[in-house]
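Report on the structure
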Amino acid sequence: MQLFYTPDITDSPLYFLSEEESKHCIRVLRLQVNDHVQLIDGRGGFYEAEIVDPHPKKVALKLLTHQASFGKRNHYLHIAVAPTKNIERLEWFLEKATEIGIDEISLIICQRSERKEAKAERLNKIITAAMKQSLKAYHPILNEAVSFQRFIAQKHTAQKFIAHCEPGEKGDLRKLIKPNGNYLIMIGPEGDFAPKEIEDALQNGSEPITLGDSRLRTETAALEACFEINFLNRP
């Protein structure tokens, strides 16, 4: 299956691939006239198309079929995670979470964060590649990095959780989540959330949770949360 990301696609019967995707289509995959390809728009649309003009900078496609809400999941998952000091660890999480299933990612800068910024353009490219590789038609939203205090002050309609390693009573996602729901899970930096951040999150309606007995790295904890939510919502 030859799959291309086409976020600007419309209902027009003819569509032109971007220069980057055209080059990949013709120069790398060596596709020709009448070859069939598949398109995803990142909004749930899945298309089948036929090449009518294999121009290496502007491939023309005739749209044949369109399926809406392709692979739509029965829940919405938003993970807010502190960028890791080693950016490759964050990139790994984004790739794997996209493959497993995630809807939105927020980057939060915490009191103990060692990294204060991350290049959204590169991170989005990683998400896009993972979306195509795993045959998903929904492109996860990646929000710009904001301070943790600013983030929790925002209005979130989701069921909210904060995972941390501080002592105290913490719940289990298996017993807390509402099936087929809307979830927000917050994961702190390598040094964990500061006690004041945990207190503020709880006051803002977040529930404290544990992700098991092991002390997990930031990206591992975020992926564990992603897996658990998807597993618990399997039909």
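Provided above is the structure to which this section pertains.
Basis of the calculations
- Residues numbered from 1 in each chain as written.
- Predicted model: local features only at pLDDT ≥ 70, side-chain atom pairs only at ≥ 80, totals over all residues.
- Heavy atoms only, no water.
- Helix = DSSP H or I, 4+ residues; strand = E, 2+ residues; numbered from the N terminus.
- Buried < 20%, exposed > 50% of the residue type's maximum accessible area, 1.4 Å probe, protein only.
- Salt bridge = Lys/Arg side-chain N within 4 Å of Asp/Glu carboxyl O.
- Polar contact = N/O pair within 3.5 Å; in protein donor to acceptor, adjacent residues only side chain to side chain.
- Contact = heavy atoms within 4.5 Å.
- Core = buried A, V, L, I, M, F, W, Y, C linked by side-chain atoms within 4.5 Å.
- Right-handed = clockwise from strand over helix to strand, strands pointing away.
- Pairing = 2+ DSSP bridges.
- Disulfide = S-S within 2.5 Å.

Residues other than glycine seldom take positive phi values, yet Leu-135 does so here, at roughly 55 degrees. With respect to the helices, strands and loops of the structure, Leu-135 is situated in the loop between helix H3 (120-133) and strand E8 (141-147). Residue Leu-135 is classed as partly exposed on the basis of its relative accessible area, which comes to 34%.

This part covers the pattern of salt bridges. One pass over the structure, following the stated rule, counts nine salt bridges. Arg-174 is the salt-bridge partner of Asp-172, the closest N and O atoms lying 2.7 Å from each other. The exposed category is assigned to Arg-174, whose relative accessible area is 60%. Note that Lys-196 and Asp-200 form a salt bridge whose closest N and O atoms lie 2.9 Å from each other.

Among the structural elements, Glu-21 can be located in helix H1 (residues 19-28). Since its relative accessible area comes to 10%, Glu-21 is described here as buried. Reaching out from Glu-21, the side chain makes a polar contact with the backbone nitrogen of Tyr-5 at a distance of 2.9 Å. For Glu-21, the side chain forms a polar contact with the side chain of Lys-132, separated by 3.2 Å. Apart from residues no more than four positions distant in its own chain, Glu-21 is found in contact with Phe-4, Tyr-5 and Lys-132.

Core analysis: the biggest nonpolar cluster contains 29 residues, and Ile-79, Val-81, Phe-93, Ile-105, Ile-185 and Ile-187 have the highest contact counts within it. Looking at this core element by element, the count peaks at six residues for helix H7 (residues 218-232). If we skip the residues at most four places from it in the chain, Ile-105 touches His-78, Ile-79, Val-81, Phe-93, Leu-94, Ile-127, Pro-140, Ile-141, Leu-142 and Asn-143.

A few words on the pairing of strand E7 (residues 104-109). Burial of E7 is extensive: six of the six residues sit out of reach of the surface. Because side chains alternate across E7, one face comprises the buried residues Glu-104, Ser-106 and Ile-108, and the other comprises Ile-105, Leu-107 and Ile-109, equally buried. Regarding the hand of the β-α-β motif, the stretch spanning strand E6 (residues 76-81), helix H2 (residues 87-100) and E7 is right-handed. Where E7 lies against E8, five bridges are found, and the strand directions are parallel.

By definition, a disulfide is the covalent link that joins the sulfur atoms of two cysteine residues. Tallied over the full model, the rule gives zero disulfides. The thiol of Cys-165 is not disulfide-bonded; the next cysteine sulfur, from Cys-110, is found 13 Å away. Taking relative accessible area as the criterion, Cys-165 reaches 41% and is therefore assigned partly exposed.

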